[in-house]
Amino acid sequence: MFWLFSCIIDSGDFMASIVTDYLPLEIKSNPYYVHAKRGYLSHLLLDAAKAGQDVYENEYNKLNNLAYARKENNHITIQEVFKDNWGYFVEYCNRKSIPLRDAILSNVDSMINCRNFNSGYLFYECPNCHDIYVRGLSCHSRFCVSCGKKYRDARANEISKTCIYAPHRHITWTIAEELRWFFQKYRDLFDELFGAVNDVLTHLIQGKSKAARKRNERLGFISTLHTFGRDLKFNPHIHTLIAECTIDKNGKRKPYSYFNYDSLRKSFMNQLLKRMYKFLKGINDKNDIDEFFKIKKELYKKNESGFYVHAPQKECKNPNQIKKIVNYVCRYAGHPAMSESRIISYNKDTKMIYYYYDPHEDDAIINENDKIGRQYVTESVFDFIAKLIVHIPNKAVHTTRYYGFYANHSSLDIMHQPKLFKWKEIAKMKSNLNWRVRLISSYKYDPLLCHCGATLEIVPDLCYFVGYSKEDG
């Protein structure tokens, strides 16, 4: 039992403090409050120890992952920053007549109220000691750190399920900085950005070959939109996962691994500028069209080789290497604009926030002395909020899209093509999306394992769902 008492002694003062917010006010005001805290915690841990070391460690990790405990460890959440300051931010925008998109208002409101019991909850009870656990319902907003992570993981699973057994490549398509404000003002231009990438890759196969057009020979690729750089600035670009093969209408497959950088860059610039002009012409804003013509003229002078396109070929000799590339692209394309682990400090009184980012330029530099190095930012929380919300997509906008033989509406049949991931692997990925499994994986504790060692069971009659009553059936 030495492991038990050493843990309690080493961490007792801190561990006792984490239940502060969960005790009745009369206990908090009692002179024996400290003793009560320690006694309550010792009771939980000692009960867990009686049930075995695994149960004890589970309870220990569970208590250390309470919101109060993470706060004591200086873990700052984006939800906390928005809860404290969103009302002031909206009030300022209203006063200055700065419009906020409906998607921003709805997503931020959902994120702030995620796990709020007023929005519904699930009620669990231990069949042995009758201890309870109440879990608030998730908000399902892509902007929410927790719910957005599950959404991105689910999307990554769908991509993995779609991929055929073939070498794949990661291509990044970046637009000129001068064009970014057009995309921020006219968010429907994202469709044109996706379309430009599709135009380039379709032309690559069918543009110069009548036979390829007749056979409807196509590449298969999946494109994901990112609107942010690591510094949180608005920087729309596309990440594409492409299979290095073509498939025609007869199901015949050919390898295709040569991508000419010069051709890709120039074609991408030409197609995007053409599509942007057509779009802006439809908007019929003379000032914006005139400004676009000026920028377009300068871009053709400045970017003779086209816009930046990065498409390195990685070694893909076996299934594991191919899966490694696919998994990397899925994770990279799915990462959020801001990870909470990058927030160093947040001052509620001065309304300042301190965080860091690692410049993208350093990724390709081997010599540490030549790198720019980690950058630290101190700024107003209102500037921080403004940088984050600009990346919230409008409702019903798909930031991941399938093209070529990967498209859902494609006439090309890939059902008989061997899949990259086996069905057992896909089933495992799907099971990992379960909230209980995710907590065990991320925080090393099972929320439904009671401190007495029994498994909590859901009590349907005590669960609460907004807009539902027992009378409704």
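Everything in this summary refers to the structure shown in the same document.

What counts and what doesn't
In every chain, residue numbers begin from 1 and rise along the written sequence. Totals for whole chains, interfaces and linings use every residue, but because this is a predicted model, local features are given only for residues with pLDDT of at least 70 and side-chain atom pairs only at 80 or more, for both listing and counting. The side-chain numbers reported here are obtained from all heavy atoms of the structure, hydrogens and water having been left aside. Runs of H or I in DSSP of at least four residues are treated as helices and runs of E of at least two as strands, each being numbered from the N terminus. Relative accessibility under 20% of the residue-type maximum defines a buried residue, over 50% an exposed one, and the middle range a partly exposed one, all with a 1.4 Å probe and only protein chains included. Contact between two residues is taken to exist if any of their heavy atoms lie within 4.5 Å; hydrogens are not considered. What the arc describes is the spread of directions from the helix axis to the C-beta atoms. In this analysis, rings of Phe, Tyr and Trp, with Trp reduced to its six-membered ring, are considered paired at centre separations within 6.5 Å, and the interplanar angle assigns stacked below 30 degrees, edge-to-face beyond 60, and tilted for intermediate values. Charge-over-ring contacts are defined here by two conditions on Lys NZ or Arg CZ: a distance within 6 Å of the ring centre and an angle within 35 degrees of the ring normal. Note on definitions: salt bridges are taken to be side-chain nitrogens of Lys or Arg within 4 Å of carboxyl oxygens of Asp or Glu. To get an axis, a line is fitted to the C-alpha atoms, and for a helix only the part in contact is used. The angle between two axes follows their N-to-C directions and goes from 0 to 180 degrees. Relative orientations are named as follows: roughly parallel for angles under 35 degrees, roughly antiparallel for angles over 145 degrees, roughly perpendicular for angles from 65 to 115 degrees, and oblique for any other angle. We call a crossing left-handed when the near helix sits turned anticlockwise from the far one by less than a right angle, and right-handed when that turn is clockwise. Charged residues are taken to be Asp, Glu, Lys and Arg, nonpolar residues to be Ala, Val, Leu, Ile, Met, Phe, Trp, Tyr, Cys and Pro, and polar residues to be all remaining types, Gly included. Here, nonpolar core means buried Ala, Val, Leu, Ile, Met, Phe, Trp, Tyr and Cys residues that are tied together by side-chain atoms lying within 4.5 Å of each other.

**Observations regarding the environment of Ala-51**
So, point 1. Inspection of the secondary structure puts Ala-51 in the loop between helix H3 (33-50) and helix H4 (53-64).
So, point 2. Given a relative accessible area of 35%, Ala-51 falls into the partly exposed group.
So, point 3. Spatially, the C-alpha atoms of Ala-51 and Ala-454 are 8.9 Å apart, while their sequence positions differ by 403 residues.
So, point 4. Contacts of Ala-51, omitting those with residues within four sequence positions, involve His-451, Cys-452 and Gly-453.

**Quick look at helix H7 (residues 102-112)**
So, point 1. Burial in H7 covers these residues: Ala-103, Ile-104, Asn-107, Val-108, Met-111 and Ile-112. The buried residues of H7 occupy one face: seen down the axis, they fall within an arc of 145°.
So, point 2. Of the surrounding secondary structure, the elements contacted by the buried residues of H7 are helix H6 (78-95) and helix H15 (381-389).

**As for the packing of aromatic side chains**
Centre-to-centre distance and the angle between the planes together describe a pair of aromatic rings.
So, point 1. Applying the stated rule across the entire model yields 22 aromatic pairs.
So, point 2. A ring pair is formed by Phe-82 and Trp-86, whose centres lie 5.9 Å apart and whose planes are at 35°; its orientation type is tilted. On the criterion of helical spacing, the pair formed by Phe-82 and Trp-86 is a turn pair, its members being 4 residues apart in helix H6.
So, point 3. An angle of 15° between the planes, with centres 5.3 Å apart, marks the rings of Phe-221 and Tyr-403 as stacked. Of this pair, Phe-221 sits in strand E4 (residues 218-228) while Tyr-403 sits in strand E11 (residues 400-404), and the two are 182 residues apart along the sequence.
So, point 4. Ring-pair connections join several aromatic residues into one group, and the members of that group are Phe-82, Trp-86, Phe-89 and Phe-143.
So, point 5. Positioned above the aromatic ring of Tyr-277, the side-chain terminus of Lys-296 is 5.9 Å from the ring centre.
So, point 6. For Lys-314, the ring lying beneath its charged end belongs to Tyr-328, and the centroid distance is 5.9 Å.

**Some thoughts on the environment of Asp-109**
So, point 1. Structurally, the position occupied by Asp-109 is in helix H7.
So, point 2. Assessed through its relative accessible area of 45%, Asp-109 is described here as partly exposed.
So, point 3. For the pair Asp-109 and Lys-83, spaced 26 residues apart in the sequence, the C-alpha separation amounts to 9.3 Å.

**Focus: the pattern of salt bridges**
So, point 1. In this structure the tally under the stated criterion is 21 salt bridges.
So, point 2. Note that Lys-302 is salt-bridged to Glu-178, the shortest N-O span being 2.3 Å. Of this pair, Lys-302 sits in helix H13 (residues 286-302) while Glu-178 sits in the loop between strand E3 (168-174) and helix H9 (180-185), and the two are 124 residues apart along the sequence.
So, point 3. The exposure class assigned to Lys-302 is exposed, which follows from its relative accessible area of 54%.
So, point 4. Where Asp-199 meets Arg-275, a salt bridge forms, and the shortest distance between an N and an O atom there is 2.7 Å. With a gap of 76 residues between them, Asp-199 in helix H10 (residues 189-206) and Arg-275 in helix H12 (residues 261-283) connect regions that are remote in the sequence.
So, point 5. We classify Arg-275 as partly exposed; its relative accessible area is 24%.

**Considerations on the packing of H6 against H7**
So, point 1. One can describe the packing of H6 onto H7 by two numbers: an axis separation of 9 Å at closest approach and a directional angle of 115°. As the angle between them shows, H6 and H7 are arranged roughly perpendicular. Crossing geometry of H6 relative to H7 is assigned as left-handed. Of H7, the residues touching H6 (which contributes Ile-78, Gln-79, Phe-82, Lys-83 and Trp-86) are Ile-104, Leu-105, Val-108, Met-111 and Ile-112.
So, point 2. Here the contact of H6 with H7 is composed, by residue class, of 8 nonpolar, 1 polar and 1 charged.

**Looking at the nonpolar core**
So, point 1. Counting residues in each nonpolar core, the largest one holds 42 residues, and the members touching the most others are Trp-173, Leu-179, Phe-183, Leu-201, Phe-268, Leu-272 and Phe-307.
So, point 2. Mapped onto this core, the elements with two or more residues apiece are E3, H9, H10, E4, strand E5 (234-247), H12 and H13.
So, point 3. Of the residues forming this core, the biggest block, 9 residues, is contributed by H10.
So, point 4. Those residues in contact with Leu-179 that lie beyond four places of it in its chain are Leu-273, Met-276, Phe-292, Ile-295, Leu-299 and Phe-307.
So, point 5. If you look at the next biggest cluster of nonpolar residues, it comprises 35 residues, including Cys-144, Val-377, Val-381 and Ile-392.

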